[in-house]
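Each chain is listed here by its residues.
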Amino acid sequence: RWTAGDDGAHPRTIRIVTVGATPVIQVDLRDLPRGARIYRAGLFVGRRRLDPASPEAMAGAEVVPLRAGPRTGRPLALSATPLPVAGVAYDYFDATAVVRAWAARPETNHGLAVKRLPGWIAQRTALEIAYEGTITKVPTQVRGLSVLHHAGQTFITWREVDPLIKTERVSWAQIKAKAAEAARAYHYHIYVHDRPIDARSIARARLLARVGPMSGYNLNGRCVEWAIAEALARPGRPGELAGAGGQAIEAWGMDHPRMDDYPVPRFVIFRRLGSSARAGRARLETYRLPVGRGLYVHQPASAGRRYYAVVSCLDGTENTLDFSPANSLAEPVVEEVGPGEPVCQGEGLKGVFFDYPGQRKVYVQWAGPPLAPRPNMYFNWSVLVPPGLEGRAPAELYFHRSGRSYARPARKLLARSVQIAPHDCPFSGWYGYNPAAGTLKPARAGSVGDHTQRRIAAFMAWACRSLPIDPERIFAVGWDGAALTALYQPELFAGVFILGFEARVLEA
């Protein structure tokens, strides 16, 4: 990694100069052997968060190689083709072709013109180059690789090298503090191939994902209802919950100061009963990831037999030398296409004056396209089953209002119903996302798809098979999401109970 800052294997080798009104990225590649065989190169740019609806986000980003060096009084000589946006999350520019040209003829390295890059943080610019050469500082290699495929999803886990978190309990405040150290910590690159991956074959393997530290934690499971319950059980300052006019609690959200103490749980995933890696459709159990274990959940687009490997990466340098069954599969995983199945994470939220009778459990649903705009996304749900239930019961699908979550639904109509509550996080308006939003692509290049509605349909199909509910007696309860989903999937519901409209669209 060549960087503008002090990190990376080649720090301070990127310089940003301004020619006219155009920033130009200049990269000192003297440490790159002339004529080196380049496998891939990516330009990574740090950016501040943008409003997806802003004009600058709609326009997207554009970086163009220069055909010649800047000349005083003349416009920049731009190449005809900008760098393409790449990656499964469209979060970096593919610079492979231009770096190959620079490696073959260093005198052609005239830099990269930044025509449009909204929110750019120049000091967080980096160029990562995978090339055939000699590694001088080899990062410690990953160990403890485990890969399991179930119902269309492949769960890939490994032991992190020098994990940022080493304690059983970790709070949200501690997670945020450790996130500041993440850039200089170990990262992990996941490769997939149709043959075993080793030091020779990795050049032909596909880089599936780049995963940072702390990937085993359910960060999106945070819920403001926990903070409210804590305030009820252990009041802080007088009037904390009421405030002026009794409305203070309405303004509590995910960033409320009490949320700093929220105990962030590690994910629970599937594992196979027994030790055989070739057990096929063997029985499964669930287990909570141990401290210091990384996770990536892949949803293959086609069936097949595939090998996976996870390699460590520190300051942009991968360990592509050390391969063993500890980090590269000796036998392939047999994969199929499917939506996956939600995984029970354990008991739901408890607290004083809290919840309806029954046992509430939390589930995580991992999703990729078409149930999510990008791979390896996950969503939290809660399921409450009333006590002493015999046979199949009605189900209430509860849709929370803005600023609230799946954890503690505000209404339950029937005492003997199973209550199911999804979490719309990241917020989608209960419909879906624009896959280009938040990426280097212009937002106008994409369109909002019905990811959330597809995700709800997939979860409810699983629920009808796995929970004691009567599929003919499912009710939508809640706010705008209840109305929208009932209109979008009318065949799913026997009735709809609307608590109110926040968007104030249908009220008129």
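Located above this text is the structure these notes cover.
The rules behind each value
- Residues numbered from 1 in each chain as written.
- Predicted model: local features only at pLDDT ≥ 70, side-chain atom pairs only at ≥ 80, totals over all residues.
- Heavy atoms only, no water.
- 1 Å grid on protein atoms, 1.4 Å probe; cavity = no way out; pocket = protein on both sides within 12 Å on 5 of 7 lines; lining within 4 Å.
- Points joined across faces, edges and corners; volume = space filled by probe spheres on them.
- Helix = DSSP H or I, 4+ residues; strand = E, 2+ residues; numbered from the N terminus.
- Nonpolar A, V, L, I, M, F, W, Y, C, P; charged D, E, K, R; others polar.
- Core = buried A, V, L, I, M, F, W, Y, C linked by side-chain atoms within 4.5 Å.
- Buried < 20%, exposed > 50% of the residue type's maximum accessible area, 1.4 Å probe, protein only.
- Contact = heavy atoms within 4.5 Å.
- Patch = residues over 30% accessible without salt bridge, like charges linked within 9 Å, V, L, I, M, F, W, Y side chains within 5 Å.
- Areas by Shrake-Rupley, 256 points an atom, 1.4 Å probe, with all protein chains shown as cover.
- Salt bridge = Lys/Arg side-chain N within 4 Å of Asp/Glu carboxyl O.
- Pairing = 2+ DSSP bridges.
- Axes fitted to C-alpha atoms, helices over the stretch in contact; angles between N-to-C directions.
- Polar contact = N/O pair within 3.5 Å; in protein donor to acceptor, adjacent residues only side chain to side chain.

Enquirer: Would you mind going over the layout of surface pockets with me for this structure?
Expert: If a probe the size of a water molecule is rolled over the atoms, the empty space left behind becomes visible. Its volume calculated, the second largest pocket comes out at about 1100 Å³. For the second largest pocket, the lining is made up of 37 residues, of which Tyr131, Ile135, Thr317, Glu318 and Thr320 are closest to its centre. Taken together, the elements giving at least two residues each to the lining of the second largest pocket come down to β4 (38–47), β9 (120–131), β12 (187–193), β13 (206–211) and β18 (317–318). The biggest single contributor to the lining of the second largest pocket is β9, with four residues. Looking at side-chain class alone, the lining of the second largest pocket contains 17 nonpolar, nine polar and 11 charged residues.

Enquirer: What is the right way to look at unusual backbone geometry in this model?
Expert: Across the junction of Pro369 and Pro370, the peptide omega takes the value 10 degrees, indicating a cis bond. Note that Pro370 resides in the loop between β21 (359–367) and β22 (377–385). Cys425 connects to Pro426 through a cis peptide bond whose omega is 0 degrees. Residue placement: Pro426 occurs in the loop between β24 (418–422) and α5 (451–466). Phi is positive for Asp162, which is not a glycine, with a value near 50 degrees. With respect to the helices, strands and loops of the structure, Asp162 is situated in the loop between β11 (153–159) and α3 (172–179).

Enquirer: Quick question: what am I supposed to make of the nonpolar core here?
Expert: Soluble, globular proteins show a tendency: their nonpolar side chains are buried together. One finds Ile175, Tyr217, Cys223, Trp226, Tyr262 and Val264 to be the most contacted residues of the largest nonpolar core, which totals 29 residues. When residues of this core are traced back to their parent elements, those giving at least two are α3 and α4 (224–233). By residue number, the principal contributor to this core is α4, which donates six residues. Leave out the neighbours within four places in its chain, and Ile175 touches Ile165, Val170, Met214, Tyr217, Leu219 and Val264.

Enquirer: Mind showing me how you'd approach a nonpolar patch on the surface here?
Expert: On the surface, a nonpolar cluster with roughly 240 Å² of combined accessible area is contributed by Leu413, Leu414 and Phe497. Its place among the elements puts Phe497 in strand β26 (residues 495–498).

Enquirer: What exactly am I supposed to notice about the sheet that holds strand β10 (residues 143–150) here?
Expert: Within a beta sheet, neighbouring strands are joined by backbone hydrogen bonds and run either parallel or antiparallel to one another. A sheet is described by the order of its strands in space; here three strands give the open sequence β10-β11-β16, paired in antiparallel fashion. Of all the strands in the sheet, the pair left with one neighbour each is β10 and β16 (293–298). Within the sheet, the average angular offset between the axes of one strand and its neighbour, ignoring direction, is 15 degrees. The pairing of β10 with β11 spans six bridges and is antiparallel. Among the inter-strand pairings, Ser146 is bridged to a residue of β11, identified as Thr157.

Enquirer: Please clarify how the side chain of Gln419 should be interpreted in this entry.
Expert: Within the element layout of this structure, Gln419 appears in strand β24. The class of Gln419 is buried, set by a relative accessible area of 0%. Looking at Gln419, its side chain comes within polar contact range of the side chain of Arg360, at 2.6 Å. A distance of 2.8 Å separates the side chain of Gln419 from the backbone oxygen of Arg411, its partner in a polar contact.

Enquirer: It is not clear to me how helix α6 (residues 480–488) should be interpreted in this structure. Could you clarify?
Expert: The periodicity of an α-helix, 3.6 residues per turn, causes residues three or four places apart in sequence to face the same way. Within the span of α6, buried status applies to Gly481, Ala482, Ala483, Thr485 and Ala486. The elements touched by buried residues of α6 are β23 (393–399), α5, β25 (469–478) and β26.

Enquirer: What is the right way to read the pattern of salt bridges from this model?
Expert: Two side chains with opposite charge may pair up if their charged atoms get near one another. Under the definition given, this model contains 19 salt bridges. For Glu285, the salt bridge is made with Arg271, and the minimal N-O distance between the two is 2.8 Å. Pair noted here: Glu285 is in strand β15 (residues 284–288) and Arg271 is in strand β14 (residues 268–272), with a separation of 14 residues, a long-range link. Classification of Glu285 as partly exposed rests on a relative accessible area of 28%. The partly exposed category is assigned to Arg271, whose relative accessible area is 36%. For Glu502, the salt bridge goes to Arg401, with nearest N and O atoms at 3.1 Å. Of the two residues, Glu502 is situated in the segment after β26 and Arg401 in the loop between β23 and β24; the sequence distance between them amounts to 101 residues.

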